Amino acid sequence: MKKLLLTAAAGTLFLVSCGPKSNAVTGPKYTSANDFAKGQTIFENSCNKCHALPDPKKHDDKGWIRTLSRMAPKAKLTDDQHQLVYDYLISVNGR
Ligand code: HEC
């Protein structure tokens, strides 16, 4: 029994340390107009709570990866919402 528990604990540790990091958006994923519309809605509803809604043109595609990784947790976005907002932003930032 003890051995089983230890194995379970080790397995959990492995999952925590080696599993996909939360909020890990590393590039584009969603590309349909429907997904962009979803991302825009999340953006407009979640990103103007602490400051004015930022201009998507403020950052290029790389810059938004960095900024959004800091802001998505603040806005309490799920990983999927984070991804949808990212894909919307880079679809309209024009750079
Ligand atoms: C809980 C409050 C809060 C929420 C919600 C929030 N932000 Fe911010 N944001 C801040 C604060 C505080 C700063 C200034 C300090 C800093 O840059 O970390 C900031 C700065 C920024 C900046 C300027 C800095 C830069 O790197 O360009 C951008 C752009 C930005 N936020 C985008 C967003 C987006 C997009 C969202 C929605 C996903 C969002 N924010 C949601 C608090 C918030």
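Summary of the structure given here. Everything numeric in this text was worked out from a predicted model, so none of it was measured.

Here we come to the packing of helix H3 (residues 61-74) against helix H4 (residues 79-92). Where H3 contacts H4, the axes come no closer than 10 Å and their chain directions differ by 145 degrees. Read as a crossing pair, H3 and H4 show a hand that is right-handed. In this structure, H3 contributes Asp 61, Trp 64, Ile 65, Leu 68, Ser 69 and Ala 72 to the contact, and H4 contributes His 82, Val 85, Tyr 86, Leu 89 and Ile 90. Counted by class, the contact of H3 with H4 contains eight nonpolar, two polar and one charged residues.

Under the definition given, this model contains one salt bridge. In this structure, Asp 35 and Lys 38 form a salt bridge, with 3.8 Å as the shortest nitrogen-oxygen distance. One end of the pair, Asp 35, and the other, Lys 38, are both in helix H2 (residues 33-46), three residues apart, so they sit about a helical turn from each other. Relative accessible area serves as the criterion here: at 15%, Asp 35 is assigned to the buried category. The partly exposed category is assigned to Lys 38, whose relative accessible area is 43%.

This part is about the coordination of the iron atom of the ligand. Of the protein atoms, only His 51 (NE2) and Met 71 (SD) coordinate the iron atom of the ligand, at distances of 2.0 to 2.3 Å. Taken together, the six donor atoms surrounding the iron atom of the ligand define angles of 87 to 179 degrees at the centre, an arrangement classified as octahedral. With a gap of 20 residues between them, His 51 in the loop between H2 and H3 and Met 71 in helix H3 connect regions that are remote in the sequence.

Core analysis: the biggest nonpolar cluster contains 15 residues, and Ile 42, Phe 43, Leu 68, Leu 77, Val 85, Tyr 86 and Leu 89 have the highest contact counts within it. Of all the elements in the fold, those that place two or more residues in this core are H2, H3 and H4. Per-element accounting of this core gives the leading share, six residues, to H4. Residues within four places of Leu 89 in sequence aside, it is in contact with Phe 43, Pro 56, Trp 64 and Leu 68.

What counts, and where the lines are drawn
Residues numbered from 1 in each chain as written. Predicted model: local features only at pLDDT ≥ 70, side-chain atom pairs only at ≥ 80, totals over all residues. Heavy atoms only, no water. Axes fitted to C-alpha atoms, helices over the stretch in contact; angles between N-to-C directions. Helix = DSSP H or I, 4+ residues; strand = E, 2+ residues; numbered from the N terminus. Left-handed = near helix turned anticlockwise from the far one by under 90°. Contact = heavy atoms within 4.5 Å. Nonpolar A, V, L, I, M, F, W, Y, C, P; charged D, E, K, R; others polar. Salt bridge = Lys/Arg side-chain N within 4 Å of Asp/Glu carboxyl O. Buried < 20%, exposed > 50% of the residue type's maximum accessible area, 1.4 Å probe, protein only. Donors = N, O, S within 2.8 Å, 3.2 Å for Na, K, Ca; no water. Tetrahedral: all angles 85-135°; square planar, octahedral: opposite > 155°, others 65-115°. Core = buried A, V, L, I, M, F, W, Y, C linked by side-chain atoms within 4.5 Å.

It is worth stressing that arrangement in space is one thing and function is another; only the former is reported here.
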